[in-house]
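Inside the fold
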Amino acid sequence: MIHLNWDKTKTIKQVKCVHTDAKKYVVENALTKGNVYEVKNETEEFYFVVDNKGRVSGFYKDYFEEVTG
């Protein structure tokens, strides 16, 4: 149950939200277009980020672009 401690783990990278146009889910309550989010875990399809509510949640990668810097 490693997911219970993701909020305390080191940030892997940062990603910027590029849109919240979800077809099936309500994403605009948890993400804001243009905001940068900390990635705590990543799978092939999802980023697990600290969302606007301060919780670690999983979102499809197509909502984001990687921040380089």
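Residues numbered from 1 in each chain as written. Predicted model: local features only at pLDDT ≥ 70, side-chain atom pairs only at ≥ 80, totals over all residues. Heavy atoms only, no water.

Enumeration over the complete set of coordinates arrives at five aromatic pairs. The interplanar angle of 25° and the centroid separation of 4.8 Å between the aromatic rings of Phe46 and Tyr60 together place this pair among those described as stacked. Residue Phe46 is located in strand β3 (residues 46-50), and its partner Tyr60 is located in strand β4 (residues 56-60); the two are separated by 14 residues in the primary sequence. Taking relative accessible area as the criterion, Phe46 reaches 24% and is therefore assigned partly exposed. Taking the relative accessible area as the measure of exposure, Tyr60 reaches 30% and is therefore partly exposed. With centroids separated by 5.7 Å and ring planes inclined at 80°, the aromatic side chains of Tyr47 and Phe64 adopt a geometry described as edge-to-face. Of this pair, Tyr47 sits in strand β3 while Phe64 sits in strand β5 (residues 64-66), placing them 17 residues apart in sequence. Members of the aromatic cluster, each reached through a chain of ring pairs, are Tyr37, Tyr47, Phe59 and Phe64. Above the plane of the ring of Tyr47 lies Lys61, whose end atom (NZ or CZ) is 5.1 Å from the centre. (Phe/Tyr/Trp six-rings, centres within 6.5 Å; stacked < 30°, edge-to-face > 60°. Helix = DSSP H or I, 4+ residues; strand = E, 2+ residues; numbered from the N terminus. Buried < 20%, exposed > 50% of the residue type's maximum accessible area, 1.4 Å probe, protein only. Lys NZ or Arg CZ within 6 Å of the ring centre and 35° of its normal.)

Nothing here speaks to function; it is all geometry.
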